[in-house]
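Here is how the chains run, residue by residue.
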Amino acid sequence: MARSLKAVIWLLAGGSVGFPNYGCHNSSPLAAVIADSGSTESIAIARWLGLYRYPQISYFASSTLLSDRLQFPSFFRTIPSDDFQARSIARLVVHFGWTWVGLLSTENDYGQLGSQILKEELSKSGICIAFHETIPLIAQNTQIGRVVDKVMKSTANVILVFSSDPYLWPVIERLYRLNASRKIWVASEGWSTASIVSAEDISTILRGTVGFAIQKGEMPGFREFLFRLQPSVFPNDPFIKRFWEYTFACQWPSLEINSTILYQVPQSLCTGHEDLKKFSDPYFGGPDLRISYAVYNAVYAVAHALKAMKSCAPGYGPFINDTCTDIQKVRPWEVLHYIKSVRFNNKDGEEMFFDHQGNPPDRYDIINWQGHSDGAIKYVKIGSIMSAVSKGHDMYVNDSAIQWGMPTAEVPQSVCSESCAPGYRKAAQDGRPACCFDCIRCSEGEISNETGSSKCWPCPEDQWSNEGRNTCIPKNIEFLLYLELLGIMLSSVAIGYSFKTIAILVIFIKYANTPVVKANNRELTYLVLGALLLSFLCSFLFIGQPQTITCLLRQPAFGIIFALCISCVLAKTIMVIIAFKATKPGCNMRRWLGPHVPVVTVLGSTLLQVLICITWLLLCPPFSEKNMKMKTETIIFQCNECSETALWCMIGYLGLLACVSFLVAFLARTLPDCFNEAKWITFSMIVFLSVWLSFIPGYISTQGKYVVAVEVFAIISSSAGLLSCIFFPKCYIILLRPDLNTRRHLLGKGTSRNKKIKNV
């Protein structure tokens with residue numbers, strides 16, 4: 001940097017010894033400075049030249065800091081800034097799908113500022129940085145070892161490097177000696193075409209590297225110009241002598257120190273008569289020149305500015321009073337004005353200009369380091385990126401032309417965690433970057449139908465997640481079907497008992513005039529049988545898909561029918577007691593033997609249940625609904641009873657009637673056995689109460705269609721209990737023991753026990 005500043009002072013002063021603010025020009029005044037290659041050196045020079053408004057055009061300084069026109073008002077460059085390069089690197093990383101990368105950068109302005117911008121761009125794109133290590137400007141074993149150790153231990157397969165080649169070389173050389181595992185390197189333009197790090201002996205480490213390089217271009221006549229350069233033609237030019245040493249691996253006798261020591265051991269003394277045409281370096285004036293092309297554009301930019309200045313017509317100039325520049329006394333700020341507005345097409349057809357920040361059109365070649373059979377590295381162009389093209393077409397990458405330097409031809413992966421498959425979501429790992437995560441299976445009722453999803457989405461209310469948790473499927477529909485096993489069994493039992501009830505009714509009608517039928521109040525018997533038949537049939541209101549009408553009818557129908565049935569049983573029991581008591585001498589209960597007692601008992605008891613049901617239907621009628629909350633994977637078609645209080649009031653009233661009937665029948669158990677049916681009514685009420693007491697916990701503890709099944713089972717069981725206990729003994733006498741179906745037997749006069757007493 002000190003030598004660069006000293007050279008600038010010499011240029012400004014115009015003498016061999018420079019003095020700031022003094023000019024000793026004996027020839028043409030200084031128009032512009034084309035310098036420097038490094039960003040750090042260019043920043044120092046630009047601060048000095050900016051004070052005097054001398055135009056400065058750099059051909060390799062890319063630091064984004066130099067775009068600040070307040071600090072560097074006269075700085076220009078012919079390569080893109082690191083701002084564009086950082087965005088380009090981030091876009092290339094996104095293009096290949098890498099989300100877990102390492103980052104190396106140098107300690108100078110180029111590395112620090114460039115890596116900072118790159119980190120911001122990577123973060124915007126959701127890319128995580130596994131590590132960021134700084135490469136020292138002066139190689140030290142400890143620092144180089146730390147960087148190498150980080151690269152080797154990292155799980156990141158892609159390493160981004162914002163550095164120049166001299167600083168990177170110790171790192172690559174150490175990795176080569178340690179036989180480090182293969183990584184994919186992404187190069188900034190500072191080393192993407194550097195021969196020192198692509199030497200044959202260490203090229204195995206860097207094969208497959210992709211990076212950005214300054215755009216190359218044709219410079220007609222440049223190679224021929226180089227062939228004319230001879231030390232004898234320019235004896236005082238030290239650059240030609242150093243170039244000669246490097247090219248032919250020789251040393252000038254008069255030079256104490258030469259540059260070839262850095263690269264190779266000199267083999268002979270230089271004579272100056274070596275033939276440049278035998279020099280086989282492909283970059284010597286060939287089509288792959290990149291930095292030289294940037295210098296070429298810088299020179300032509302100054303040339304076009306001076307041409308425009310010279311072509312100024314008096315009276316039409318850009319300065320005060322439309323004046324032009326005195327070409328013999330050019331002032332730096334006048335040249336600066338023309339350089340700002342320069343725009344031309346070079347001989348390669350590329351347009352050249354400077355924007356308001358002094359930057360040229362942003363263009364990069366994307367190159368790939370490919371190994372050839374001879375072991376050499378070739379820089380193959382695989383794409384390009386430019387800012388002047390519309391979004392979406394500004395970057396082109398030929399993926400099929402890339403050689404990754406690995407056994408597989410596919411794009412290498414570099415992720416901290418593998419993408420979550422559909423059906424899973426990302427879950428961040430504590431203390432680690434966002435790219436490191438665990439894959440958690442979606443909860444029931446949620447899905448993720450894309451790879452790498454960060455969350456799961458709930459299914460619609462009427463759908464549920466499938467087994468793979470990657471799509472929503474309709475929920476199962478549940479209600480008590482006629483065609484399922486449980487529905488078939490309940491329906492079959494209900495139908496069977498309905499036919500039994502009809503058969504018993506037919507028997508009782510056929511034998512209506514026999515003593516057994518006549519003695520048990522035929523009208524009440526027929527009414528009980530009819531109520532039992534309806535109770536068996538009402539169970540069908542509970543089976544099948546619930547509809548509005550069935551939901552309205554089924555509970556009230558069940559409650560009223562059972563109230564009627566139990567009321568008739570109660571009336572029969574009461575009439576048995578009255579009939580027995582009335583036969584005793586002096587009893588005044590004969591007046592209750594008429595039809596009004598059973599009629600009042602049946603109507604009163606049933607009407608009270610009817611009143612409960614009507615109130616229920618008027619205030620809060622039941623309705624059909626789809627219950628999606630009871631079972632997560634199932635939609636339950638059910639009847640919402642609307643008022644649980646009304647339901648339990650109705651069932652509680654039935655229990656009350658059953659308890660009264662049981663107590664009355666129990667009190668009548670001492671009546672003569674041959675006449676009395678009270679004990680059978682007692683048994684039937686015990687069965688009835690047992691069934692419905694068991695129903696309560698079963699009804700509360702079950703869900704879905706099984707709630708309905710429990711109630712249907714309770715209806716059929718309690719009805720079957722009444723039918724069996726009350727009517728099966730009578731049918732047995734009527735059909736199988738007609739000898740007992742006599743008035744004498746019913747009055748207790750035909751029993752064997754009485755006969756034995758009589759014989760005694």
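My aim in this report is to walk through the structure given alongside it, one point at a time. (Residues numbered from 1 in each chain as written. Predicted model: local features only at pLDDT ≥ 70, side-chain atom pairs only at ≥ 80, totals over all residues. Heavy atoms only, no water.)

### Some remarks on the packing of helix α17 (residues 644-667) against helix α18 (residues 678-701)
Step number 1: Remark: α17 packs on α18, axes separated minimally by 8 Å, with the N-to-C direction vectors making an angle of 155°. When the axis of α17 is compared with that of α18, the two are roughly antiparallel. Seen along the crossing, α17 lies across α18 with a hand that is left-handed. Every residue of α18 that contacts α17 at Leu 647, Trp 648, Ile 651, Leu 654, Gly 655, Ala 658, Cys 659, Ser 661, Phe 662, Ala 665 and Phe 666 is listed here: Ala 678, Ile 681, Thr 682, Met 685, Ile 686, Phe 688, Leu 689, Phe 695, Ile 696 and Tyr 699.
Step number 2: Its residues assigned to classes, the contact of α17 with α18 comprises 18 nonpolar, three polar and no charged. (Axes fitted to C-alpha atoms, helices over the stretch in contact; angles between N-to-C directions. Helix = DSSP H or I, 4+ residues; strand = E, 2+ residues; numbered from the N terminus. Parallel < 35°, antiparallel > 145°, perpendicular 65-115°, else oblique. Left-handed = near helix turned anticlockwise from the far one by under 90°. Contact = heavy atoms within 4.5 Å. Nonpolar A, V, L, I, M, F, W, Y, C, P; charged D, E, K, R; others polar.)

### As for helix α12 (residues 485-510)
Step number 1: Along its 26 residues, α12 runs 37 Å from first to last C-alpha, staying within 8% of the 38 Å computed at 1.5 Å per residue.
Step number 2: Burial in α12 covers these residues: Gly 487, Leu 490, Ser 491, Ala 494, Ser 498, Thr 501, Ile 504, Ile 507 and Phe 508.
Step number 3: Elements in contact with the buried residues of α12: α13 (515-518), α14 (522-538) and α19 (705-736). (Expected span 1.5 Å × (residues − 1). Buried < 20%, exposed > 50% of the residue type's maximum accessible area, 1.4 Å probe, protein only.)

### A word on the pattern of salt bridges
Step number 1: By the definition in use, this model includes 15 salt bridges.
Step number 2: Here Asp 394 and Arg 91 are joined by a salt bridge, their closest N and O atoms 2.6 Å apart. Note that Asp 394 is positioned in the loop between β14 (377-386) and β15 (395-397) and Arg 91 in helix α3 (residues 82-95), a separation of 303 residues in sequence.
Step number 3: A relative accessible area of 10% places Asp 394 in the buried class.
Step number 4: Using a relative accessible area of 26% as the deciding quantity, one classes Arg 91 as partly exposed.
Step number 5: With its nearest N and O atoms 2.7 Å apart, the salt bridge here joins Glu 351 to Arg 343.
Step number 6: Under the relative-accessibility criterion, Glu 351 is labelled partly exposed at 34%.
Step number 7: With relative accessibility at 53%, the residue Arg 343 sits in the exposed group.
Step number 8: Overlapping salt bridges, with partners in common, bring together Arg 290, Asp 365 and Lys 381 in one network. (Salt bridge = Lys/Arg side-chain N within 4 Å of Asp/Glu carboxyl O.)

### Here's the deal with the sheet that holds strand β1 (residues 33-34)
Step number 1: Taken in spatial order, the three strands of this open sheet run β1-β2-β3, and their pairing is parallel. Both edges of this open sheet fall to β1 and β3 (75-77), since each of them pairs with a single strand only.
Step number 2: Where strand β2 (residues 56-58) and β3 come together, three bridges link them in parallel fashion. Along β3, the bridge assignment pairs Ser 58 with Arg 77. (Pairing = 2+ DSSP bridges.)

### With respect to the packing of aromatic side chains
Step number 1: All told, the structure shown has 27 aromatic pairs when counted by the stated rule.
Step number 2: Judged by centre distance (5.8 Å) and plane angle (65°), the rings of Phe 212 and Tyr 364 are edge-to-face. Here the residue Phe 212 occupies a position in strand β8 (residues 210-214), and Tyr 364 occupies one in strand β13 (residues 363-371), the gap between them amounting to 152 residues.
Step number 3: Residue classification places Tyr 364 among the buried positions, given a relative accessible area of 1%.
Step number 4: Ring geometry for Phe 688 and Trp 692: centres 6.3 Å apart, planes at 45°, overall tilted. Here Trp 692 and Phe 688 lie together in helix α18, a separation of four residues that amounts to about one turn.
Step number 5: On the accessibility criterion, Trp 692 (9% relative accessible area) is buried.
Step number 6: Through pairs of rings, three or more aromatic residues link up here, namely Phe 558, Phe 562, Trp 648, Phe 688, Trp 692, Phe 695 and Tyr 699.
Step number 7: The ring of Tyr 497 carries the charged tip of Lys 500 above its face, separated from the ring centre by 4.5 Å. (Phe/Tyr/Trp six-rings, centres within 6.5 Å; stacked < 30°, edge-to-face > 60°. Lys NZ or Arg CZ within 6 Å of the ring centre and 35° of its normal.)

### So, the environment of Ser 605
Step number 1: With respect to the element layout, Ser 605 can be found in helix α16 (residues 596-619).
Step number 2: Spatially, the C-alpha atoms of Ser 605 and Leu 564 are 7.5 Å apart, while their sequence positions differ by 41 residues.
Step number 3: Those residues in contact with Ser 605, other than ones at most four positions away along the chain, are Ser 567, Val 600, Tyr 653 and Leu 657.
Step number 4: Within the structure, Ser 605 has its side chain in polar contact with the backbone oxygen of Thr 601 (distance 2.8 Å). (Polar contact = N/O pair within 3.5 Å; in protein donor to acceptor, adjacent residues only side chain to side chain.)

### Brief notes about the side chain of Ser 417
Step number 1: Tracing the chain through its elements places Ser 417 in the loop between β15 and β16 (424-428).
Step number 2: For Ser 417, a relative accessible area of 12% corresponds to the buried category.
Step number 3: Within polar-contact distance, the side chain of Ser 417 engages the backbone nitrogen of Phe 437 at 3.0 Å.
Step number 4: Contact partners of Ser 417, with chain neighbours within four places excluded, come to Gln 429, Cys 435, Cys 436 and Phe 437.

### Brief notes about the sheet that holds strand β22 (residues 476-478)
Step number 1: Taken together, the three strands give an open sheet; going across it, the order is β22-β24-β23, and neighbouring strands pair in mixed fashion. Looking at which strands have only one partner, the edges of the open sheet turn out to be β22 and β23 (623-627). In this sheet, neighbouring strand axes are inclined to one another by 25° on average, regardless of whether the strands run parallel or antiparallel.
Step number 2: As judged from the five bridges shared by β23 and strand β24 (residues 634-640), these two strands associate in the antiparallel manner. If you follow Asn 627 over to β24, its bridge partner there is Ile 636.

### Observations concerning the side chain of Thr 514
Step number 1: Within the secondary structure layout, Thr 514 lies in the loop between α12 and α13.
Step number 2: Among the residues examined, Thr 514 registers a relative accessible area of 17% and is labelled buried.
Step number 3: One polar contact links the side chain of Thr 514 to the main-chain carbonyl oxygen of Tyr 511, over a distance of 2.7 Å.

The analysis is restricted to geometry; functional conclusions fall outside its scope.
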